[in-house]
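# Architecture and fold: a report
These are the residues of each chain, in order.
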Amino acid sequence: SKKPVRVAVTGAAGQIGYALLFRIASGEMLGKDQPVILQLLEIPDEKAQNALKGVIMELEDCAFPLLAGVEAHSDPMSAFKDTDYALLVGSRPRGPGMERAELLAVNGAIFTTQGKALNAVASRNVKVLVVGNPANTNAYIAMKSAPDLPRKNFTAMLRLDHNRAASQLAAKTGKPVASIEKLAVWGNHSPTMYADYRNATIDGQSVKALINDEQWNRETFLPTVGKRGAAIIAARGLSSAASAANAAIDHMRDWALGTNGKWVTMGIPSNGEYGIPKDVMFGYPVTCEGGEYKIVEGITIDEFSQECINKTLKELTDEQDGVKHLL
Ligand code: NAX
(Lines give C-alpha, C1' and ligand atoms only; values in the text may rest on other atoms or scores of the structure.)
Protein backbone atom coordinates (compact mmCIF):
# COMPACT_ATOMS: atom_id res chain seq x y z
CA SER A 1 0.00 0.00 0.00
CA LYS A 2 1.04 3.62 -0.60
CA LYS A 3 2.92 5.75 1.91
CA PRO A 4 0.70 8.46 3.49
CA VAL A 5 0.99 12.00 2.13
CA ARG A 6 0.61 15.12 4.24
CA VAL A 7 -2.25 17.51 3.55
CA ALA A 8 -2.35 20.84 5.39
CA VAL A 9 -5.63 22.75 5.54
CA THR A 10 -5.99 26.23 7.04
CA GLY A 11 -9.28 27.65 8.31
CA ALA A 12 -10.05 24.04 9.14
CA ALA A 13 -12.84 24.84 11.60
CA GLY A 14 -14.68 27.12 9.16
CA GLN A 15 -17.63 26.23 6.98
CA ILE A 16 -15.60 25.30 3.88
CA GLY A 17 -13.32 23.23 6.09
CA TYR A 18 -16.33 21.31 7.39
CA ALA A 19 -17.38 20.45 3.84
CA LEU A 20 -13.83 19.67 2.73
CA LEU A 21 -11.98 17.61 5.33
CA PHE A 22 -14.26 14.58 5.27
CA ARG A 23 -13.94 14.28 1.52
CA ILE A 24 -10.14 14.52 1.63
CA ALA A 25 -10.07 11.88 4.35
CA SER A 26 -12.36 9.56 2.38
CA GLY A 27 -10.00 9.61 -0.61
CA GLU A 28 -11.99 11.79 -2.99
CA MET A 29 -9.11 14.21 -3.52
CA LEU A 30 -6.04 12.03 -3.95
CA GLY A 31 -7.53 8.64 -4.74
CA LYS A 32 -9.08 5.72 -2.93
CA ASP A 33 -5.65 4.09 -2.51
CA GLN A 34 -3.82 7.10 -1.04
CA PRO A 35 -3.59 7.38 2.77
CA VAL A 36 -3.46 10.95 4.10
CA ILE A 37 -2.30 12.72 7.23
CA LEU A 38 -4.30 15.91 7.88
CA GLN A 39 -2.37 18.84 9.39
CA LEU A 40 -5.05 21.33 10.36
CA LEU A 41 -4.42 24.98 11.12
CA GLU A 42 -6.69 27.40 12.95
CA ILE A 43 -6.06 30.71 14.66
CA PRO A 44 -4.84 30.39 18.30
CA ASP A 45 -8.19 31.81 19.55
CA GLU A 46 -9.70 29.39 22.08
CA LYS A 47 -13.06 29.21 20.38
CA ALA A 48 -11.51 28.32 17.03
CA GLN A 49 -9.19 25.72 18.58
CA ASN A 50 -12.14 24.13 20.42
CA ALA A 51 -14.19 24.03 17.23
CA LEU A 52 -11.22 22.38 15.54
CA LYS A 53 -11.09 19.74 18.28
CA GLY A 54 -14.75 18.99 17.61
CA VAL A 55 -14.13 18.56 13.89
CA ILE A 56 -11.23 16.22 14.65
CA MET A 57 -13.46 14.12 16.93
CA GLU A 58 -15.90 13.78 14.05
CA LEU A 59 -13.12 12.83 11.65
CA GLU A 60 -12.06 10.11 14.10
CA ASP A 61 -15.65 8.92 14.39
CA CYS A 62 -15.83 8.33 10.65
CA ALA A 63 -13.12 5.66 11.01
CA PHE A 64 -11.88 6.47 7.50
CA PRO A 65 -9.54 3.68 6.38
CA LEU A 66 -7.34 6.20 4.51
CA LEU A 67 -6.95 8.66 7.38
CA ALA A 68 -3.48 7.85 8.70
CA GLY A 69 -3.33 10.75 11.15
CA VAL A 70 -4.85 14.09 12.06
CA GLU A 71 -3.17 16.97 13.86
CA ALA A 72 -4.40 20.31 15.25
CA HIS A 73 -2.10 23.34 14.91
CA SER A 74 -2.14 27.03 15.74
CA ASP A 75 1.20 27.87 14.10
CA PRO A 76 1.84 27.55 10.35
CA MET A 77 5.46 26.55 11.03
CA SER A 78 4.27 23.27 12.52
CA ALA A 79 1.11 22.90 10.41
CA PHE A 80 3.09 23.05 7.14
CA LYS A 81 5.97 20.80 8.23
CA ASP A 82 6.86 18.47 5.34
CA THR A 83 3.44 18.97 3.81
CA ASP A 84 2.85 17.69 0.27
CA TYR A 85 -0.38 19.62 -0.26
CA ALA A 86 -1.55 22.87 1.31
CA LEU A 87 -5.10 24.17 1.01
CA LEU A 88 -5.13 27.73 2.29
CA VAL A 89 -8.79 28.34 3.09
CA GLY A 90 -8.64 30.62 6.14
CA SER A 91 -8.49 34.32 5.38
CA ARG A 92 -10.28 37.57 6.10
CA PRO A 93 -12.83 38.22 3.36
CA ARG A 94 -14.05 41.80 2.98
CA GLY A 95 -16.72 42.50 5.60
CA PRO A 96 -19.37 45.24 5.50
CA GLY A 97 -17.77 48.66 5.69
CA MET A 98 -14.25 47.25 5.55
CA GLU A 99 -11.79 49.49 3.76
CA ARG A 100 -9.77 48.01 0.92
CA ALA A 101 -6.51 48.99 2.58
CA GLU A 102 -7.57 47.18 5.76
CA LEU A 103 -8.52 44.04 3.82
CA LEU A 104 -5.19 43.99 2.02
CA ALA A 105 -3.26 44.63 5.23
CA VAL A 106 -4.95 41.80 7.17
CA ASN A 107 -4.55 39.30 4.34
CA GLY A 108 -1.09 40.54 3.57
CA ALA A 109 -0.10 39.60 7.11
CA ILE A 110 -1.73 36.14 6.90
CA PHE A 111 -0.30 35.19 3.52
CA THR A 112 3.20 36.57 3.97
CA THR A 113 3.44 34.57 7.21
CA GLN A 114 2.05 31.42 5.61
CA GLY A 115 4.17 31.82 2.46
CA LYS A 116 7.30 32.15 4.62
CA ALA A 117 6.31 29.10 6.64
CA LEU A 118 5.76 27.02 3.49
CA ASN A 119 9.12 28.26 2.23
CA ALA A 120 10.81 27.15 5.44
CA VAL A 121 9.23 23.79 6.23
CA ALA A 122 7.00 22.35 3.45
CA SER A 123 7.99 19.64 0.99
CA ARG A 124 9.89 21.19 -1.93
CA ASN A 125 7.20 19.74 -4.21
CA VAL A 126 4.29 21.10 -2.18
CA LYS A 127 1.17 21.86 -4.21
CA VAL A 128 -0.51 24.97 -2.80
CA LEU A 129 -4.11 25.98 -3.47
CA VAL A 130 -5.38 29.30 -2.13
CA VAL A 131 -9.15 29.40 -1.59
CA GLY A 132 -9.41 32.29 0.90
CA ASN A 133 -10.36 35.58 -0.73
CA PRO A 134 -9.09 37.62 -2.43
CA ALA A 135 -7.76 34.24 -3.64
CA ASN A 136 -5.57 35.29 -6.58
CA THR A 137 -3.82 38.07 -4.69
CA ASN A 138 -3.44 35.96 -1.55
CA ALA A 139 -1.79 33.26 -3.69
CA TYR A 140 0.44 35.91 -5.25
CA ILE A 141 1.50 37.13 -1.79
CA ALA A 142 2.24 33.57 -0.61
CA MET A 143 4.26 32.83 -3.76
CA LYS A 144 6.28 36.03 -3.39
CA SER A 145 6.93 35.18 0.27
CA ALA A 146 8.33 31.74 -0.64
CA PRO A 147 11.32 32.45 -2.89
CA ASP A 148 12.88 28.99 -2.38
CA LEU A 149 9.85 27.12 -3.70
CA PRO A 150 9.07 26.89 -7.43
CA ARG A 151 6.57 29.59 -8.47
CA LYS A 152 4.48 27.01 -10.28
CA ASN A 153 3.64 25.33 -6.95
CA PHE A 154 1.30 28.23 -6.05
CA THR A 155 -2.23 28.31 -7.44
CA ALA A 156 -5.53 30.08 -6.77
CA MET A 157 -9.01 28.62 -6.99
CA LEU A 158 -10.98 29.48 -10.13
CA ARG A 159 -12.59 26.06 -10.29
CA LEU A 160 -15.80 27.13 -8.62
CA ASP A 161 -16.30 29.70 -11.39
CA HIS A 162 -15.49 27.02 -13.96
CA ASN A 163 -18.00 24.58 -12.46
CA ARG A 164 -20.65 27.30 -12.17
CA ALA A 165 -20.18 28.18 -15.84
CA ALA A 166 -20.38 24.52 -16.89
CA SER A 167 -23.59 24.07 -14.93
CA GLN A 168 -25.20 27.15 -16.52
CA LEU A 169 -24.27 25.87 -19.99
CA ALA A 170 -25.68 22.43 -19.23
CA ALA A 171 -28.96 24.00 -18.12
CA LYS A 172 -29.13 26.27 -21.16
CA THR A 173 -28.46 23.48 -23.68
CA GLY A 174 -30.28 20.70 -21.82
CA LYS A 175 -27.16 18.50 -22.02
CA PRO A 176 -25.39 16.64 -19.20
CA VAL A 177 -22.80 18.78 -17.44
CA ALA A 178 -20.15 16.06 -17.80
CA SER A 179 -20.37 16.25 -21.58
CA ILE A 180 -19.00 19.82 -21.68
CA GLU A 181 -15.38 20.15 -22.80
CA LYS A 182 -13.02 23.04 -23.54
CA LEU A 183 -14.51 25.64 -21.24
CA ALA A 184 -12.18 28.36 -19.94
CA VAL A 185 -12.40 30.99 -17.21
CA TRP A 186 -9.88 33.80 -17.49
CA GLY A 187 -8.58 36.11 -14.78
CA ASN A 188 -9.56 36.91 -11.22
CA HIS A 189 -11.85 34.94 -8.91
CA SER A 190 -14.26 37.86 -8.71
CA PRO A 191 -17.23 39.14 -10.70
CA THR A 192 -14.74 40.37 -13.35
CA MET A 193 -13.72 36.82 -14.31
CA TYR A 194 -14.37 35.98 -17.96
CA ALA A 195 -16.09 32.64 -18.53
CA ASP A 196 -15.42 31.79 -22.17
CA TYR A 197 -17.38 29.06 -23.98
CA ARG A 198 -16.37 30.07 -27.53
CA ASN A 199 -14.35 26.85 -27.91
CA ALA A 200 -16.52 24.64 -25.74
CA THR A 201 -18.08 21.47 -27.12
CA ILE A 202 -20.74 19.00 -26.06
CA ASP A 203 -20.34 15.57 -27.64
CA GLY A 204 -18.20 17.26 -30.27
CA GLN A 205 -20.82 19.92 -31.12
CA SER A 206 -20.00 23.61 -30.64
CA VAL A 207 -21.70 25.06 -27.55
CA LYS A 208 -21.63 28.51 -29.12
CA ALA A 209 -23.47 27.22 -32.18
CA LEU A 210 -25.94 25.27 -30.04
CA ILE A 211 -26.81 28.38 -28.00
CA ASN A 212 -26.37 30.86 -30.85
CA ASP A 213 -27.27 33.88 -28.73
CA GLU A 214 -24.51 36.42 -28.09
CA GLN A 215 -26.88 38.62 -26.14
CA TRP A 216 -27.52 35.73 -23.70
CA ASN A 217 -23.75 35.31 -23.32
CA ARG A 218 -23.14 38.95 -22.45
CA GLU A 219 -26.31 39.89 -20.59
CA THR A 220 -27.30 36.69 -18.80
CA PHE A 221 -24.53 34.08 -18.71
CA LEU A 222 -21.55 36.25 -17.70
CA PRO A 223 -23.41 38.22 -14.98
CA THR A 224 -25.00 35.02 -13.63
CA VAL A 225 -21.66 33.27 -13.25
CA GLY A 226 -19.91 36.44 -12.02
CA LYS A 227 -22.51 37.18 -9.35
CA ARG A 228 -23.28 33.62 -8.34
CA GLY A 229 -21.42 33.93 -5.04
CA ALA A 230 -23.53 36.97 -4.09
CA ALA A 231 -26.74 35.17 -5.13
CA ILE A 232 -25.87 32.30 -2.79
CA ILE A 233 -25.17 34.66 0.10
CA ALA A 234 -28.50 36.38 -0.55
CA ALA A 235 -30.37 33.05 -0.56
CA ARG A 236 -28.55 31.15 2.17
CA GLY A 237 -27.37 33.93 4.43
CA LEU A 238 -23.91 32.36 4.26
CA SER A 239 -21.31 32.16 1.51
CA SER A 240 -20.86 29.08 -0.70
CA ALA A 241 -19.21 26.33 1.29
CA ALA A 242 -20.01 22.85 -0.04
CA SER A 243 -19.60 23.95 -3.67
CA ALA A 244 -16.36 25.76 -2.78
CA ALA A 245 -15.05 22.64 -1.01
CA ASN A 246 -16.07 20.55 -4.01
CA ALA A 247 -14.18 22.87 -6.34
CA ALA A 248 -11.09 22.62 -4.13
CA ILE A 249 -11.29 18.82 -4.31
CA ASP A 250 -11.66 18.99 -8.11
CA HIS A 251 -8.70 21.39 -8.45
CA MET A 252 -6.30 19.31 -6.33
CA ARG A 253 -7.44 15.95 -7.72
CA ASP A 254 -6.98 17.08 -11.30
CA TRP A 255 -3.60 18.66 -10.58
CA ALA A 256 -2.32 15.56 -8.76
CA LEU A 257 -3.95 12.82 -10.83
CA GLY A 258 -4.39 14.44 -14.26
CA THR A 259 -7.29 15.45 -16.51
CA ASN A 260 -6.83 13.04 -19.43
CA GLY A 261 -6.64 15.95 -21.85
CA LYS A 262 -9.73 17.69 -20.50
CA TRP A 263 -9.51 21.47 -20.00
CA VAL A 264 -9.98 22.79 -16.48
CA THR A 265 -9.39 26.25 -15.02
CA MET A 266 -6.67 27.05 -12.50
CA GLY A 267 -5.35 30.37 -11.21
CA ILE A 268 -1.61 30.12 -11.85
CA PRO A 269 1.35 32.49 -12.09
CA SER A 270 1.67 33.77 -15.63
CA ASN A 271 4.83 33.35 -17.65
CA GLY A 272 3.55 35.89 -20.15
CA GLU A 273 1.00 33.63 -21.85
CA TYR A 274 -1.77 35.52 -23.66
CA GLY A 275 -0.04 38.82 -22.89
CA ILE A 276 -0.55 38.59 -19.12
CA PRO A 277 2.48 40.03 -17.28
CA LYS A 278 4.77 37.51 -15.58
CA ASP A 279 3.77 36.46 -12.04
CA VAL A 280 0.17 37.71 -12.22
CA MET A 281 -1.92 34.96 -10.61
CA PHE A 282 -4.37 34.52 -13.48
CA GLY A 283 -7.15 32.07 -14.31
CA TYR A 284 -6.16 30.07 -17.40
CA PRO A 285 -7.47 26.98 -19.14
CA VAL A 286 -5.04 24.14 -18.42
CA THR A 287 -4.66 20.40 -18.80
CA CYS A 288 -2.86 18.34 -16.14
CA GLU A 289 -0.65 15.30 -16.47
CA GLY A 290 1.96 13.68 -14.22
CA GLY A 291 1.37 16.19 -11.41
CA GLU A 292 1.97 19.23 -13.64
CA TYR A 293 -0.43 21.69 -15.24
CA LYS A 294 0.06 23.09 -18.72
CA ILE A 295 -1.67 26.15 -20.17
CA VAL A 296 -3.80 25.48 -23.25
CA GLU A 297 -2.07 27.53 -25.95
CA GLY A 298 -3.23 28.89 -29.27
CA ILE A 299 -6.72 30.05 -28.31
CA THR A 300 -7.84 32.95 -30.48
CA ILE A 301 -8.71 36.02 -28.46
CA ASP A 302 -11.33 38.11 -30.25
CA GLU A 303 -12.08 41.74 -29.50
CA PHE A 304 -14.79 41.15 -26.88
CA SER A 305 -12.67 38.50 -25.13
CA GLN A 306 -9.68 40.84 -25.07
CA GLU A 307 -11.81 43.56 -23.46
CA CYS A 308 -12.96 41.11 -20.78
CA ILE A 309 -9.42 39.87 -20.16
CA ASN A 310 -8.11 43.44 -19.91
CA LYS A 311 -10.76 44.29 -17.33
CA THR A 312 -10.07 41.35 -15.02
CA LEU A 313 -6.30 41.85 -15.49
CA LYS A 314 -6.61 45.50 -14.48
CA GLU A 315 -8.37 44.47 -11.28
CA LEU A 316 -5.59 41.98 -10.49
CA THR A 317 -2.73 44.38 -11.17
CA ASP A 318 -4.49 46.98 -8.97
CA GLU A 319 -4.75 44.42 -6.17
CA GLN A 320 -1.07 43.53 -6.62
CA ASP A 321 -0.08 47.19 -6.51
CA GLY A 322 -1.99 47.46 -3.23
CA VAL A 323 0.22 44.82 -1.59
CA LYS A 324 3.55 45.78 -3.19
CA HIS A 325 4.84 47.43 -0.03
CA LEU A 326 4.39 44.16 1.91
CA LEU A 327 6.59 42.07 -0.36
P1 NAX B 1 -15.37 30.79 7.66
O2 NAX B 1 -15.33 32.14 8.25
O3 NAX B 1 -16.48 29.87 7.96
O4 NAX B 1 -14.02 30.02 8.06
C5 NAX B 1 -12.77 30.58 7.94
C6 NAX B 1 -11.91 29.98 9.04
O7 NAX B 1 -10.57 30.42 8.81
C8 NAX B 1 -12.31 30.42 10.43
O9 NAX B 1 -12.51 29.28 11.24
C10 NAX B 1 -11.10 31.24 10.90
O11 NAX B 1 -10.86 31.09 12.29
C12 NAX B 1 -9.99 30.64 10.08
N13 NAX B 1 -8.84 31.52 9.87
C14 NAX B 1 -8.81 32.87 9.72
N15 NAX B 1 -7.57 33.32 9.61
C16 NAX B 1 -6.77 32.23 9.71
C17 NAX B 1 -5.36 32.05 9.70
N18 NAX B 1 -4.53 33.10 9.58
N19 NAX B 1 -4.87 30.80 9.81
C20 NAX B 1 -5.71 29.74 9.95
N21 NAX B 1 -7.05 29.86 9.99
C22 NAX B 1 -7.56 31.09 9.87
O23 NAX B 1 -15.19 31.02 6.08
P24 NAX B 1 -15.48 29.99 4.90
O25 NAX B 1 -16.87 30.11 4.47
O26 NAX B 1 -14.94 28.65 5.26
O27 NAX B 1 -14.60 30.67 3.73
C28 NAX B 1 -13.19 30.71 3.79
C29 NAX B 1 -12.64 31.59 2.69
O30 NAX B 1 -12.96 31.09 1.41
C31 NAX B 1 -13.17 33.02 2.72
O32 NAX B 1 -12.09 33.91 2.53
C33 NAX B 1 -14.09 33.07 1.52
O34 NAX B 1 -14.23 34.37 1.00
C35 NAX B 1 -13.37 32.17 0.58
N36 NAX B 1 -14.12 31.64 -0.57
C37 NAX B 1 -13.45 31.46 -1.75
C38 NAX B 1 -14.04 30.91 -2.86
C39 NAX B 1 -13.26 30.71 -4.13
O40 NAX B 1 -13.88 30.29 -5.12
N41 NAX B 1 -11.97 30.98 -4.22
C42 NAX B 1 -15.47 30.54 -2.86
C43 NAX B 1 -16.04 30.36 -1.50
C44 NAX B 1 -15.53 31.29 -0.43
O45 NAX B 1 -16.28 32.48 -0.49
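Residues numbered from 1 in each chain as written. Predicted model: local features only at pLDDT ≥ 70, side-chain atom pairs only at ≥ 80, totals over all residues. Heavy atoms only, no water.

Attention shifts here to unusual backbone geometry. Peptide bonds are trans in most cases, and residues, glycine excluded, mostly fall at negative phi. The residue after Asn 133, namely Pro 134, is reached through a cis peptide bond having omega -5 degrees. Tracing the backbone through its elements, the reader meets Pro 134 in the loop between strand E5 (127–130) and helix H5 (135–144). Despite not being glycine, Asp 203 shows a phi value in the positive range, around 45 degrees. Within the fold, Asp 203 resides in the loop between strand E10 (201–202) and strand E11 (205–206). Classification of Asp 203 by relative accessible area gives exposed; the value is 64%. (Helix = DSSP H or I, 4+ residues; strand = E, 2+ residues; numbered from the N terminus. Buried < 20%, exposed > 50% of the residue type's maximum accessible area, 1.4 Å probe, protein only.)

Okay, the environment of Ala 72 next. Examined against the element boundaries, Ala 72 turns out to sit in strand E3 (residues 67–73). The exposure class assigned to Ala 72 is partly exposed, which follows from its relative accessible area of 44%. For the pair Ala 72 and Val 121, spaced 49 residues apart in the sequence, the C-alpha separation amounts to 17 Å. Apart from residues no more than four positions distant in its own chain, Ala 72 is found in contact with Leu 40, Leu 52 and Ile 56. (Contact = heavy atoms within 4.5 Å.)

Right, let's talk about the UniProt feature "binding site: NAD(+)" (unreviewed entry) in the protein chain for a bit. According to UniProt, the feature "binding site: NAD(+)" (unreviewed entry) maps to Gly 11, Ala 12, Ala 13, Gly 14, Gln 15, Ile 16, Gly 17, Asn 107, Gln 114, Val 131, Gly 132 and Asn 133 in the numbering used here. By secondary structure assignment, the location of Gly 11 is in the loop between strand E1 (5–10) and helix H1 (15–25). Look at Gly 11 and you get buried, because its relative accessible area is 14%. The contacts of Gly 11, once residues within four sequence positions are left out, are Gly 17, Leu 41, Glu 42 and Gly 90. You can see Asn 107 is positioned in helix H4 (residues 100–121). Leaving out residues up to four positions away in the same chain, Asn 107 has contacts with Ser 91, Arg 92, Asn 133, Pro 134, Asn 138 and Ile 141. (UniProt positions renumbered as here; feature names shortened; annotations may be inferred.)

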